Amino acid sequence: GPTPYLARYQIHQVFGLTQETTTQEPGPFALAPSVPVRRVEFRAGKLTLPDFFDANGPGSDSHLQFMNWTIDNNGAWDYAADTRGYTVGGMAEYDDKIWSLRYGLFAMPTVANGIDMDWAFSRAHGQNGEFELRHSLFPKRKGTQRVLFYANRAHMGTYREAVNAFLAGIDKTPTITLHEHFSALKYGFGYNTEQEVTENLRVFGRFGWNEGQHESFAYTEVDQTVLAGADYAGTRWHRPVDKIGLAVVSNAIKSDHQEYLKLGGLGFLLGDGNLNYGRENIVESYYNWHAWRGLFYTVDVQHIANPGYNRDRGPAWVGSVRAHVDF
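This write-up is about the structure you can find in this document. Since this is a predicted model, take the numbers as computed values, not measurements. (Residues numbered from 1 in each chain as written. Predicted model: local features only at pLDDT ≥ 70, side-chain atom pairs only at ≥ 80, totals over all residues. Heavy atoms only, no water.)

### A short note on unusual backbone geometry
- In this structure, Pro315 follows Gly314 across a cis peptide bond, with omega equal to 5°.
- Topologically, Pro315 is positioned in the loop between β16 (295-305) and β17 (316-325).
- If you check the backbone angles, Asn113 has positive phi at about 60° while not being a glycine.
- In this fold, Asn113 is placed in the loop between β7 (108-109) and β8 (117-118).
- Despite not being glycine, Asn306 has its phi angle at roughly 60°, a positive value.
- Accessibility expressed as a relative area gives 16% for Asn306, which makes it buried. (Helix = DSSP H or I, 4+ residues; strand = E, 2+ residues; numbered from the N terminus. Buried < 20%, exposed > 50% of the residue type's maximum accessible area, 1.4 Å probe, protein only.)

Pasting the structure below:
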């Protein structure tokens, strides 16, 4: 809606563990141009988890890169967030020369994709942890591997319980919101990699999995995802800031989730009264043109096979034009 809201606020504290320093790119989440090589960082406030977890150089910035939700983030990571993507909580991070370890605890919404948060952390919270190793597969090139886990507790239902109630004649349609329980546990993990191949070419990939029994609650309806992609800078045609990108992602949902949708159940994103199941396969490509200083224009196209996991739907083509200004 048109009403302004406060997206982010945070307290950020760095404790250095050595006198040796390293440079960092100043930004809205870290203002200092240099920091100790070994350090502990604490953050608390209102934030969005992808700012700090599951980051990926070629595949995280929907302002300048890919637009599909399951390419700019791990689709199977049902990260704690309200409708707009923000939550409140705190996190700690340890950074060393070539590796980092981070952990955070955050509030969950009261209902799936809801705007109101459940402030009873004893029964509803999202735990997130990530290990990052900055090690390249090629000499003199940058490369990073990341392993992510999450465990959410919230007022969630299970697809199987909703299906069984429908088949027993208790519910007129499968309705997962009628079978929610406080402190229900949904968990999963992800793998994230990026690698410089040449001065202009970067490749990246993700794999994500969650247990798929509890309802998709905060991000999107994906229980398993596999992604591969790349971007290429336009140095060869004298446009070094321009980027062209290509990515392929394949998403899936588990059998209980499939049955729930097949029988007419609704998730917070999916549900058309029937489901002829197939993996949702997406190809996306973009060209990002640097017009002047902080002004960028992008042309983007996506091809989606089996949208919403339904073989009876699509394929769908999604074309986009985007303008972005950096101040």
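### Examining a nonpolar patch on the surface
- Residues Leu101, Phe131, Val147 and Tyr191 make up a contiguous nonpolar surface patch of roughly 340 Å² in combined accessible area.
- Overall, Phe131 belongs to the partly exposed group, its relative accessible area being 36%. (Patch = residues over 30% accessible without salt bridge, like charges linked within 9 Å, V, L, I, M, F, W, Y side chains within 5 Å. Areas by Shrake-Rupley, 256 points an atom, 1.4 Å probe, with all protein chains shown as cover. Salt bridge = Lys/Arg side-chain N within 4 Å of Asp/Glu carboxyl O.)

### Structural notes on the environment of Arg293
- Note on placement: Arg293 falls in the loop between β15 (280-292) and β16.
- Since its relative accessible area comes to 66%, Arg293 is described here as exposed.
- Considered as a pair, Arg293 and Asp326 are 33 residues apart in the sequence and their alpha carbons are 8.2 Å apart.

### Details of the packing of aromatic side chains
- Across all of its chains, the model carries 19 aromatic pairs by this definition.
- Measuring from centroid to centroid gives 4.8 Å for Trp77 and Tyr79, while their planes differ by 45°, and the two rings are tilted. Pair check on accessibility: Trp77 and Tyr79 agree, each one buried.
- Between Tyr187 and Trp209, the aromatic rings sit 6.1 Å apart at their centres with planes inclined by 55°, giving tilted as the arrangement. Placement of Tyr187 in strand β11 (residues 180-196) and of Trp209 in strand β12 (residues 201-210) is noted, with a sequence separation of 22 residues between them.
- Ring pairing ties together the aromatic residues Phe53, Trp69, Trp77, Tyr79, Phe106 and Tyr219, which thus form one cluster. (Phe/Tyr/Trp six-rings, centres within 6.5 Å; stacked < 30°, edge-to-face > 60°.)

These results come straight from atomic positions and should not be treated as a statement about function.
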